[in-house]
Amino acid sequence: MDVKEKVAAIKTAVALPRGGNTSPELVRSAYTMLSFLAGFMLSAARLLGSGSPFGVAAVAAAGPGIYGAGCLIGAGLGYIVTGGLSWGIRYAAAVMLVFTAQFALQETKLGTMRLFAPTLAGVVTLVTGLLSFIGVGTLSSQTVGLTLLETVLAFACCGFFREALSDEERSTESAELRHLSAVLISFAVALMAPAGIVLFGEISVGRLAALLCVMTCALRCGALYGCTVGCVFGVAMDLALGGIPFFTMSYALSGLISGMLSKHGRLTFVLAFILANAASAVCVWQTEPQTSALFEVFCAAVIFAVLPAGFLSRVGAMFQETAAGSGESGLRRYVSRRVARLASAYSGVYEMVRRNVEEPFNDSDPSRIFDRAADSVCVGCKDKNRCWNREYMNTLAAMNDTGLAIRDKGRIELSDIPEHFSRRCLNPQAFVTAVNSELKAAAYRRQYAGNLRESRDTVWRQYGDMAALLDEVSKELGSINGADHLAERRLIRYLRTLDIEADAAVFRDGRGRLRAVIESGNLAPLLRQENYLDRLSEIVGLRLSKPKNVTEGCARLYLTEAEPLAVSVGIAAMKKKGEKVSGDRGTYFKTDAGVLCVILSDGMGSGDEAADESAEVIAILEEFLRAGINPAVAMKTLNSVMLLKSGDGWGFATVDLMCVDLFTGETCFYKYGAAPSYVMNGKSIKRIRGESFAPGLSGKSDAAPDVVRMRLKPGSTAIIASDGVISDANDAWLREILDSKSDDMKLLARDTLREAEKLYGKNDDMTVLAVRVEARA
């Protein structure tokens, strides 16, 4: 519940009786009475013992309506009753002038301006004050100074009162903070009235109430809020009493010290508040002993100690900073559930289609072949009843014998039919021709069904891949990793020291990697600092990577946690002799998740067609991997895409993919028809080879790539090459080069390529990628 709702609830509780309907007249009467009491109370508040601009400010804030009239009567009466006719006539005239001017100008453009009421309160206070002092002959620098102070406070307090009583919608945090500050100041000003009521000659009722407010806020909201509220109420009490600003110092210090111990129990908190107040009194004891302040704090501590915890919580909540809600995490969980349901739906579709497409159907059953042939030849024969009814068993035996020829040759001839059947058949050659036609048609149907099944399998298996992708996204959205609000506040605080108003988001993704986003219209002061990345790293507590493509005019800065491992990559390539282009394509890049991906594709054949095929494979796979798709799923999807694209035609390309997690060193090799790779991890050299075909070449949509997993330590080196470099099992030369412990990957790739050229010539395209993993400096 925000402050506006609390104030509305209080107003409702006071003005509207519970149960039954309340007439509008009764509601207006209740609010008018409240306005009357507010005007009376604020007119009783004194400034430095003699001034009182707060009633004037209250009438200006109330406006020209019925509530303003109630406030006018209360303030005018309060000035006369609490200060006497000779003193109060000046302020009574001021409130009358303010109300009259507002009433007369309420329909004009001037009267509707936001600053009209505060300005009117200030001007009337200034004019009536000066005229009053001139009339009694007491105009001096001191009275002029007091009048100017009253003028400023009348202007300011009118604005605070209007904001505190405003019921307009506050949609931003700054608007909420502005309203809360106005309520706090208005309440402090209101307590200036009973500050002059002294019990037993020592204890001020107003200061006692102010102490209880400071203690409640310090206990419930902490040191900073306790200090702030203490300062506000202390200033109000000092303005009411005059003299040295003791209460400002005392209340602020007590709120700060006790607020630091607010989590250690109420007794410890109260003792800290009393001791801090006593220390403040000691500081000014020689100038002005503050015995009454000590009595007041003691009484306030006793009262505070017995107040119910629930009451303190409700009062403290009015000033307590509202923590950020769980809207962001709630939205993430909501989206996660939606994605999970989508994944479940796709998985259900996948299972349903799988059960249907995998139902067996035997179109090659010989009995079906003979039935179709008989339907086309025997249906008009006069002896069909004899062959297929009376002598059915003889016909069946003849067909079974003929089926052996179908199994062996795939077709039949007249000699393959038993003599006893062909002798009584009126047209045996037509029957043979019909059977062969049905066999040929069945072969065509099988081929078509195979192609259809292959395409259908490729498509429906995409449902399974899509379900896996959605499930992975759902798990990341629903992960426990979330925003780091402490780091966000530190980051915003640092940016403000550079005079940058920015919005910062610091969070961890599904893999636990920290990310930060800074948005501002003016990031230039930050980016001009040479060590800004080091400073931001200190603030978030982790080393950050240098962002890419950053200029002083950019409005958004993306930062990610730096990987503990770094890599260097060298590439060397040579095209086949007589060709203009190489059919090999290689690339490497780092994903947003901190995974290095190295891809090598060898298009089948050579020349432009092979180059186009390998380039297309590289483009598809890189798009998937940069989007954050799991490499295994990306490779299977690539296989399905190539299967649909290629059909019965040629145009395939091998794929060699190496993925290195630069946070952990976990490395996976994925191979579709690729040549062996070599890894030197420590002192051992491992050969990594696969047996799968190129994507789409196996004809199976569920053909998975060969996968090899390992953990690479700093100092490990890997060589990935096309089959033009490694064409047989003779790899001693390559192991010798890899064992040379070269730190220059470009040189290592070139040396490997030159040695392969010496051994095998330029009979094929050759490409080498050398990768070395090191600890980041």
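For the structure given in this document, a descriptive report is provided here. Numbers given for residues are sequential positions, taken from 1 along each chain in its written order. Residue-level local features of this predicted model are given only where pLDDT is at least 70; pairs of side-chain atoms are given and counted only at 80 or more, and the full residue set underlies all totals for whole chains, interfaces and linings. Water and hydrogen atoms play no part in the side-chain values, which are based on all heavy atoms of the structure.

### Overview of helix H13 (residues 291–306)
Step number 1: Helix numbers and strand numbers start at the N terminus; a helix is a DSSP run of H or I with at least 4 residues, a strand a run of E with at least 2. Helix span, as expected, comes to 1.5 Å for every residue beyond the first. With 16 residues, H13 should cover 22 Å at 1.5 Å per step; its first-to-last C-alpha distance of 24 Å lies within 8% of that length.
Step number 2: Those residues of H13 that sit buried are Ser292, Ala293, Glu296, Val297, Ala300, Ala301 and Phe304. Using a 1.4 Å probe on the protein chains alone, a residue whose accessible area is under 20% of its type maximum counts as buried, one over 50% counts as exposed, and one in between counts as partly exposed.

### Side note on the sheet that holds strand E10 (residues 666–672)
Step number 1: Spatial ordering of the open sheet is given by E7-E8-E9-E10-E13, a layout of five strands whose pairing is antiparallel. Only two strands of the sheet have a single neighbouring strand rather than two, namely strand E7 (584–590) and strand E13 (706–711). Averaged over neighbouring strand pairs, the angle between their axes works out to 10° when direction is ignored.
Step number 2: The sheet contact formed by strand E8 (residues 595–603) and strand E9 (residues 653–661) spans nine bridges and is antiparallel. Bridge pairing in E9 links Ile599 to Leu657.
Step number 3: Residues count as neighbours in contact if any of their non-hydrogen atoms are within 4.5 Å of one another. Comment: axis = line fitted to C-alpha atoms, over the contacting stretch for helices; angle = value between 0 and 180 degrees taken between N-to-C directions. Together, E7, E8 and E9 form the strand contacts of helix H24 (residues 608–626), whose direction differs from that of E8 by roughly 160°. For two strands to be treated as a pair, DSSP must find no fewer than two bridges joining them.

### What to know about the packing of aromatic side chains
Step number 1: Pairing of aromatic side chains requires ring centres within 6.5 Å, counting the rings of Phe and Tyr and the six-membered ring of Trp. Pairs whose planes differ by under 30 degrees are stacked, by over 60 edge-to-face, and all others tilted. Under the criterion given, the structure shown has nine aromatic pairs.
Step number 2: With a centroid separation of 4.9 Å and an interplanar angle of 20°, the aromatic rings of Tyr79 and Tyr91 are classed as stacked. Residue Tyr79 is found in helix H4 (residues 66–83), and its partner Tyr91 is found in helix H5 (residues 85–104); the two are separated by twelve residues along the sequence. Residues Tyr79 and Tyr91 agree in their burial class; the two are buried.
Step number 3: Measuring from ring centre to ring centre gives 6.0 Å for Phe187 and Phe233, while their planes differ by 85°; the resulting arrangement is edge-to-face. Of this pair, Phe187 sits in helix H8 (residues 173–190) while Phe233 sits in helix H10 (residues 223–241), and the two are 46 residues apart along the sequence.
Step number 4: Put simply, the rings of Tyr79, Trp87 and Tyr91 touch in pairs and so form one group of aromatic residues.
Step number 5: Taking the ring centre of Phe304 as reference, the NZ or CZ of Arg266 above it sits at 5.6 Å. By the criterion adopted, a ring carries a charge over it if an Arg CZ or a Lys NZ lies within 6 Å of its centre and within 35 degrees of its normal.

### Comments concerning the state of the cysteines
Step number 1: Two cysteine sulfur atoms form a disulfide, by the criterion used here, when they sit within 2.5 Å. Summed over all chains, the structure comprises zero disulfides.
Step number 2: Cys425 takes part in no disulfide bond, and the closest cysteine sulfur, belonging to Cys378, lies 6.0 Å away.
Step number 3: Cys425 sits in the buried class, given a relative accessible area of 17%.

### Looking at the side chain of Ser677
Step number 1: Inspection of the secondary structure puts Ser677 in strand E11 (residues 677–681).
Step number 2: For Ser677, a relative accessible area of 0% corresponds to the buried category.
Step number 3: Pairing of N or O atoms within 3.5 Å defines a polar contact, subject to two protein rules: one partner must be a possible hydrogen donor and the other a possible acceptor, and residues neighboring in sequence count only if both atoms are side-chain atoms. Separated by 2.7 Å, the side chains of Ser677 and Lys671 make a polar contact.
Step number 4: The residues contacting Ser677, other than those within four sequence positions of it, are Asp656, Phe669, Lys671, Lys686, Arg687, Ile688, Ile719 and Ile720.

### Details of the pairing of strand E12 (residues 684–688)
Step number 1: For E11 and E12, the ladder comprises five bridges, and the chain directions are antiparallel. Pairing of Ser677 across the sheet is with Ile688, part of E12.
Step number 2: Between E11 and the antiparallel strand that follows it, E12, lie two residues; Gly682 among them carries a positive phi value of about 75°.

### Quick look at the pattern of salt bridges
Step number 1: For this document, the term salt bridge refers to a Lys or Arg side-chain nitrogen within 4 Å of an Asp or Glu carboxyl oxygen. The final tally for this structure, using the stated rule, is 19 salt bridges.
Step number 2: Across the pair Glu561 and Arg508 runs a salt bridge whose closest N-O atoms are separated by 3.6 Å. Here Glu561, found in the loop between strand E5 (556–560) and strand E6 (565–574), pairs with Arg508, found in strand E3 (residues 503–508); they are 53 residues apart in sequence, far enough to count as distant.
Step number 3: Taking relative accessible area as the criterion, Arg508 reaches 31% and is therefore assigned partly exposed.
Step number 4: Residues Lys762 and Glu757 are paired through a salt bridge, measuring 3.9 Å at the closest nitrogen-oxygen approach.
Step number 5: Members of the salt-bridge network, linked through shared partners, are Arg513, Glu563, Lys590 and Arg776.

### As for the sheet that holds E3
Step number 1: Read across the open sheet, the three strands follow the order E3-E4-E5; overall the sheet is antiparallel. For this open sheet the edge positions go to E3 and E5, each flanked by a neighbour on one side alone. Here the strands of the sheet are splayed against their neighbours by 10° on average, with no regard to which way each runs.
Step number 2: Direction of pairing for strand E4 (residues 514–519) relative to E5: antiparallel, over a ladder of five bridges. Considered in E5, the bridge of Ile518 is made with Leu557.

### Let's talk about unusual backbone geometry
Step number 1: In this structure, Phe200 is a non-glycine residue whose phi angle is positive, near 60°.
Step number 2: A positive phi angle, near 65°, is found at Asp499, a position not held by glycine.
Step number 3: Checked against the element boundaries, Asp499 lands in the loop between helix H21 (485–497) and E3.
Step number 4: Looking at Asp499, the relative accessible area reads 66%, which means it is exposed.

### Some words on a nonpolar patch on the surface
Step number 1: Here the term patch refers to residues with relative accessible area over 30% and no salt bridge, with like charges joined within 9 Å and nonpolar side chains (Val, Leu, Ile, Met, Phe, Trp, Tyr) within 5 Å. Using the Shrake-Rupley algorithm and a 1.4 Å probe, accessible areas are obtained, with residue cover drawn only from the displayed protein chains. Together, Ile197, Leu199, Phe200 and Val205 make up a nonpolar patch on the protein surface, roughly 410 Å² of accessible area in all.
Step number 2: Of note, Ile197 is situated in the loop between H8 and strand E1 (198–199).
Step number 3: Given a relative accessible area of 46%, Ile197 falls into the partly exposed group.

### Regarding the packing of H4 against H5
Step number 1: Between H4 and H5, the shortest axis-to-axis distance is 7 Å and the interhelical angle comes to 170°. As far as their axial angle goes, H5 and H4 are roughly antiparallel. Considering only the axes of H4 and H5, their crossing is right-handed. Contacts between H4 and H5 involve Gly68, Ala69, Leu72, Ala75, Gly76, Tyr79, Ile80 and Gly83 from the former and Leu85, Trp87, Gly88, Ile89, Tyr91, Ala92, Val95, Met96 and Phe99 from the latter.
Step number 2: Under the scheme applied, nonpolar residues are Ala, Val, Leu, Ile, Met, Phe, Trp, Tyr, Cys and Pro; charged residues are Asp, Glu, Lys and Arg; polar residues are all the others, including Gly. Its residues assigned to classes, the contact of H4 with H5 shows 13 nonpolar, four polar and no charged. Angles are sorted into four bins: roughly parallel if under 35 degrees, roughly antiparallel if over 145, roughly perpendicular if 65 to 115, and oblique for all others. Helix crossings are classified by the rotation of the near helix relative to the far one: an anticlockwise turn of less than a right angle makes the crossing left-handed, while a clockwise turn makes it right-handed.

### Looking at the environment of Leu753
Step number 1: Mapping Leu753 onto the fold places it in helix H27 (residues 745–760).
Step number 2: In sequence terms Leu753 and Leu734 are 19 residues apart; their C-alpha atoms lie 9.9 Å from each other.
Step number 3: Dropping the residues within four chain positions of it, Leu753 is found in contact with Ala572, Ala573, Met574, Val725, Met766 and Val768.

These results come straight from atomic positions and should not be treated as a statement about function.
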